[in-house]
Amino acid sequence: MSAIVIENVSKTFTTKDGSVEALKNVSISIEKGDIFGIIGMSGAGKSTLVRCINFLEIPTEGRVLIEGKSLSEYSERELRKERENIGMIFQHFNLLMQKNVLENVCFPLYIQGKKRSEARKRAAELLEIVGLSDKQKAYPAQLSGGQKQRVAIARALATNPKILLCDEATSALDPQTTSSILALLKEINEKFHITIVIITHQMSVVREICTHVAILKEGVVREQGTVEDIFSQPKSDVAKELILTDRGSDVDDQAPKVQDEILGGEKIRIVYSENSAFEPVIANMILTFKEPVNILRADTKNVGGVAKGEMILQFMQGSQDVAAMKEYLLERGLTVGEVD
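From a predicted model like this one, the values you see are computed outputs, not experimental measurements.

Basis of the calculations
Residues numbered from 1 in each chain as written. Predicted model: local features only at pLDDT ≥ 70, side-chain atom pairs only at ≥ 80, totals over all residues. Heavy atoms only, no water. Helix = DSSP H or I, 4+ residues; strand = E, 2+ residues; numbered from the N terminus. Buried < 20%, exposed > 50% of the residue type's maximum accessible area, 1.4 Å probe, protein only. Core = buried A, V, L, I, M, F, W, Y, C linked by side-chain atoms within 4.5 Å. Contact = heavy atoms within 4.5 Å. Pairing = 2+ DSSP bridges. Axes fitted to C-alpha atoms, helices over the stretch in contact; angles between N-to-C directions. Parallel < 35°, antiparallel > 145°, perpendicular 65-115°, else oblique. Left-handed = near helix turned anticlockwise from the far one by under 90°. Nonpolar A, V, L, I, M, F, W, Y, C, P; charged D, E, K, R; others polar. Polar contact = N/O pair within 3.5 Å; in protein donor to acceptor, adjacent residues only side chain to side chain. pLDDT = per-residue confidence, 0-100. Phe/Tyr/Trp six-rings, centres within 6.5 Å; stacked < 30°, edge-to-face > 60°. Lys NZ or Arg CZ within 6 Å of the ring centre and 35° of its normal. Disulfide = S-S within 2.5 Å.

The subject of this paragraph is unusual backbone geometry. Positive phi values are uncommon outside glycine, yet Glu67 reaches one of about 50°. Along the chain, the position of Glu67 falls in the loop between β4 (61-66) and β5 (69-70). Glu67 gets classed as partly exposed once you look at its relative accessible area, which sits at 31%. Positioned with a positive phi, Glu218 is a non-glycine residue whose angle comes to about 50°. Among the secondary structure elements, Glu218 is positioned in the loop between β9 (212-217) and β10 (220-226). Under the relative-accessibility criterion, Glu218 is labelled partly exposed at 48%.

All right, on to the nonpolar core then. Ranked by internal contacts, the top residues of the largest apolar core, which has 53 residues, are Ile89, Ile153, Leu185 and Ile198. Sorting elements by how many residues they give to this core places helix α5 (residues 145-157) first, with 6 residues. Once you skip the residues sitting within four places of it in the chain, Leu185 turns out to touch Ile89, Ile153, Leu164, Cys166, Ile196, Ile198 and Ile209. The next biggest cluster of nonpolar side chains, apart from the first, holds 29 residues, and it includes Leu49, Cys52, Leu79 and Ile199.

Let's shift gears to the sheet that holds strand β8 (residues 195-200). Overall, mixed pairing links the 6 strands, which are arranged β6-β7-β8-β3-β9-β10 in an open sheet. Either end of the sheet is taken by a strand with one partner, and the two such strands are β6 (86-90) and β10. The mean inter-strand angle of the sheet, taken between neighbouring strand axes irrespective of direction, is 15°. Taken together, the 6 bridges between β9 and β10 define a ladder with antiparallel strand orientation. Within β10, the residue paired with His212 across the bridge is Thr226.

Structurally, Asn54 is set in the loop between α1 (46-53) and β4. On the basis of relative accessible area, Asn54 is assigned to the buried category, the value being 4%. When residues no more than four places from it in sequence are discounted, the contact partners of Asn54 are Leu71, Arg83, Ile86, Met88 and Leu165.

Attention now moves to the packing of helix α3 (residues 101-111) against helix α4 (residues 116-129). Axis separation between α3 and α4 bottoms out at 8 Å; the angle between their running directions is 120°. Taken as axis vectors, α3 and α4 run oblique relative to one another. Crossing of α3 against α4: the hand is right-handed. In contact with Val101, Leu102, Glu103, Val105, Cys106, Leu109 and Tyr110 of α3, α4 contributes Arg116, Ala119, Arg120, Arg122, Ala123, Ala124, Leu126 and Leu127. Classifying every residue of the contact of α3 with α4 gives 11 nonpolar, no polar and 4 charged.

It is worth spelling out α3 at this point. Along an α-helix, a turn takes 3.6 residues, which lines up residues three or four apart on a common side. Across the 11 residues of α3, 8 count as buried, placing the element largely inside the fold. Inspection of α3 places Val101, Leu102, Glu103, Asn104, Val105, Cys106, Pro108 and Leu109 among the buried residues, and these make up the whole buried set. A distance of 3.2 Å separates the backbone nitrogen of Leu102 from a side-chain oxygen at the start of α3, and that oxygen is part of Asn100. Of the residues flanking the end of α3, it is Gly113, one or two places downstream, whose phi is positive at about 90°.

Here 4 strands make up an open sheet; going across it, the order is β2-β1-β4-β5 and the pairing antiparallel. A strand with exactly one partner marks an edge of an open sheet, and here the two such strands are β2 (18-30) and β5. Bridge count between β4 and β5: 2 bridges; the pairing is antiparallel. In the sheet register, Ile66 faces β5, and the bridge partner there is Lys69. Taken strand by strand, α1 contacts β1 (4-15), β2 and β4, and its axis lies near 60° from that of β2.

Chain-level pLDDT for the chain is 87 on average; 93% of the residues reach the 70-or-more range. Across residues 249-261 the pLDDT falls below 50, and counting only partners more than four positions away or on other chains, this stretch makes 27 contacts in the model.

What follows concerns the packing of aromatic side chains. With the rule as written, the count across this model stands at 1 aromatic pair. Their ring planes at 85° and their centres at 5.8 Å tell us that Phe289 and Tyr328 sit as a pair that is edge-to-face. Pair noted here: Phe289 is in helix α10 (residues 281-289) and Tyr328 is in helix α11 (residues 322-331), with a separation of 39 residues, a long-range link. Side by side, Phe289 and Tyr328 carry an identical accessibility label, which is buried. One residue, Lys69, lies across the ring of Tyr74, its end atom 4.5 Å from the ring centre. Taking the ring centre of Tyr328 as reference, the NZ or CZ of Arg332 above it sits at 3.5 Å.

What follows concerns the state of the cysteines. Taken as a whole and judged by the stated rule, the model has 0 disulfides. Unpaired in this structure, Cys210 has its nearest cysteine sulfur neighbour in Cys166, at a distance of 9.1 Å. Classification of Cys210 as buried rests on a relative accessible area of 3%.

Structure (structure tokens):
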């Protein structure tokens, strides 16, 4: 049974200027223990979708099922109880500024009616898990952004949730801190088998931590599948755009970027892994076909813990050997895709 099933969900908001369709017939299935990415640019409907997952927003149409049961079947009281199984962390942390770190983590336990001593013991255990045992008495204003997010993660885990929703949880952080938070989330996923949903506009976040991804644009799922498949062979225009503009923290600032087009011919994107990089393929191709090839970009990216090389190549304008050169690359285990 899937942890989360989003079934034909649509959400329409009524504003003074008329109706706005934030989500349009969205269907996604997320398996137990998965780290699932939902990605799209601003206005794609990501935050509305994540709020529909825990019914902070009620879908206009469709159903959301958590472990097989539709949230619409719960009473208000049952729904509040079910939300204890769905933790959430946010871009701006949402900590209680007047409370110290320990009390911030205790807060959801107090709401559950836990005794103070029991809540504080549980909070201390969670702060050790997120690496902040020495910050129990500190206040949020005394913490860095990464430390604040670690407190927020500890607080979200306080009620032993089965699902953790992360709404742009790393958008306010620098690349190095982002990587450390993602590593922590991955560790939590593996240790506690919590299903994690990552809402983001950053392809680098999806690449680094997610196993599956759904790509939203204008409230519609344009593409979904494994991160590796979509990175290697994106089909939708929005997926191609997100990948081609992806400059993650694992890419050196000095890595080659797209250069001016100097040959004017067809462009392709090739992707290769360690298993398909035993020979200097591009150099050998140039020698074989006796045609120059312009390398517009070349770098290496981390896709689910596996190094994937990526190049944008441009052939000579009017070349008669483009099809043969593409076939040459495919025969050597490289993934070849078009670039608009």
